[in-house]
Amino acid sequence: MLAALCVSEPRRRWMSFRSRPPVVKSELVTAGSGRYLKITADKGRKGQLDWAGVRKAAGRETSRLLIPRGIIPPSGSRIAAFKGVELSRQLMALAAAELLKTVAVNPRLVKIAVYDPRGIMPDLPLRFIPYASDVRVITNRFDRYKAQQYTAMQQFGAVLTVTDDPTETGGSLLLIAPEGFSLSDNIPVPRGWTMTADSRMAHKKGVIYGYLPKVPHSLLSSTPLGCDAVQFLAGLYELSSVREIAVKPPEFLQTGGHTITLKDAAWRLAGLDIGISV
């Protein structure tokens, strides 16, 4: 279950000459179809938190606690911030398939490449076979894709090419790299977009790295004070099983410091100029 830290200022007691230790309390809060543990910690007189109390309240979630921006646990506290990836990867997959569906290019003209050296998303290529005649996987884990190659042939009569040669990504309309890549990997630039769940690629040209899901305002407004809303949703999805967050393709995508609609990204694939340098 997701655990989130909230920091509050203690009420001032002007008539008290005695300092009291900062208070830590916790409660279960409903969010969408799930719940999360809300830990509220009061600041002490000098702004300190009772980190031992926070760690005790967090329990098993100590190493993946959602922490407000600007709050840094002390070294040695054994408390670490939550950094979710599952939601971003799922939204990336949904966005890529929706882009291809929206563009509606003749599949015979479409090549899709999946760069997945560790084989972390073996089912990803099967999403693209209805939209592309050439789907290739670049990986070091051939064993992770055996079942998908069989399924591609049995269900679609298609060949899913699996190789460890990075140059096989050349000429692809979309390059999907869940964990990103570096310059040393010698990955050819695709004709269209590179899509990743690795925010460290945010500075690269032509890369979609952020995915903003369609969620009810009531869910978004329940973000704990000071916490990042996207990470809050990621935590609900990954740790509290609020799966409805990733039922639909994301409404907005992030690229080159801009936020664009999924339709804008599709126009780019179709060769239309939307006024953004990609």
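Because the structure is a prediction, the values reported are computed rather than measured. (Residues numbered from 1 in each chain as written. Predicted model: local features only at pLDDT ≥ 70, side-chain atom pairs only at ≥ 80, totals over all residues. Heavy atoms only, no water.)

(A) Representation of unusual backbone geometry in the model. Look at Arg78: it is not a glycine, yet its phi comes out positive at around 65°. Summarising the element assignment, Arg78 is placed in the loop between helix H1 (51–58) and helix H2 (86–103). In this model, Ser241 sits at a positive phi of 55°, which is unusual for a non-glycine residue. Note on placement: Ser241 falls in the loop between helix H5 (229–239) and strand E10 (252–255). (Helix = DSSP H or I, 4+ residues; strand = E, 2+ residues; numbered from the N terminus.)

(B) Looking closely at the confidence of the model for the chain. Residues with a pLDDT of 70 or more make up 93% of the chain, whose mean pLDDT is 91. Taken together, the stretch residues 272–278 has pLDDT below 50 and engages in ten contacts with residues farther than four places along the chain or on a different chain. (pLDDT = per-residue confidence, 0-100. Contact = heavy atoms within 4.5 Å.)

(C) Representation of the packing of H2 against helix H6 (residues 262–269) in the model. Where H2 contacts H6, the axes come no closer than 9 Å and their chain directions differ by 60°. In terms of orientation, H2 and H6 fall into the oblique class. Taken as a pair, H2 and H6 cross one another with a handedness that is right-handed. Side by side, H2 and H6 meet where Ala95, Glu98, Leu99, Thr102 and Val103 of the first sit next to Leu262, Ala265, Ala266 and Leu269 of the second. (Axes fitted to C-alpha atoms, helices over the stretch in contact; angles between N-to-C directions. Parallel < 35°, antiparallel > 145°, perpendicular 65-115°, else oblique. Left-handed = near helix turned anticlockwise from the far one by under 90°.)

(D) Geometry of the packing of aromatic side chains. Summed over the entire model, instances satisfying the criterion amount to two aromatic pairs. Relative to Phe232, the ring of Tyr36 has its centre 5.3 Å away and its plane inclined at 80°; by these criteria the two rings are edge-to-face. A residue pair is termed long-range when its members are at least 10 positions apart, and Tyr36 in strand E3 (residues 34–42) and Phe232 in helix H5 qualify at 196 residues. As far as the burial class goes, Tyr36 and Phe232 line up, both buried. Plain terms: the ring middles of Tyr115 and Phe181 are 5.9 Å apart, the flat faces sit at 85° to each other, and that makes the pair edge-to-face. With Tyr115 in strand E4 (residues 111–115) and Phe181 in the loop between strand E7 (174–177) and strand E8 (193–196), the pair connects residues that are 66 residues apart, well separated along the chain. Accessibility classification places Tyr115 together with Phe181 in one group, the buried group. Across from the ring centre of Tyr237, 4.0 Å away, lies the NZ or CZ of Arg243, which sits over that ring. (Phe/Tyr/Trp six-rings, centres within 6.5 Å; stacked < 30°, edge-to-face > 60°. Buried < 20%, exposed > 50% of the residue type's maximum accessible area, 1.4 Å probe, protein only. Lys NZ or Arg CZ within 6 Å of the ring centre and 35° of its normal.)

(E) Structural view of the pattern of salt bridges. All chains considered together, the criterion is met by eight salt bridges. With its nearest N and O atoms 3.8 Å apart, the salt bridge here joins Arg69 to Asp228. Residue Arg69 is located in the loop between H1 and H2, and its partner Asp228 is located in the loop between helix H4 (217–220) and H5; the two are separated by 159 residues in the primary sequence. With a relative accessible area of 58%, Arg69 lands in the exposed category. For Asp228, a relative accessible area of 30% puts it in the partly exposed group. (Salt bridge = Lys/Arg side-chain N within 4 Å of Asp/Glu carboxyl O.)

(F) Spatial organisation of the sheet that holds E4. Across the sheet, which stays open at both edges, the eight strands sit in the order E6-E5-E4-E7-E8-E9-E10-E11 with mixed pairing between neighbours. Of all strands in the sheet, those with a lone pairing partner are strand E6 (160–163) and strand E11 (258–261), marking the two edges. Strand-to-strand twist of the sheet, defined as the mean angle between neighbouring strand axes without regard to direction, takes the value 30°. When strand E9 (residues 207–212) meets E10, the two strands line up antiparallel, connected through four bridges. (Pairing = 2+ DSSP bridges.)

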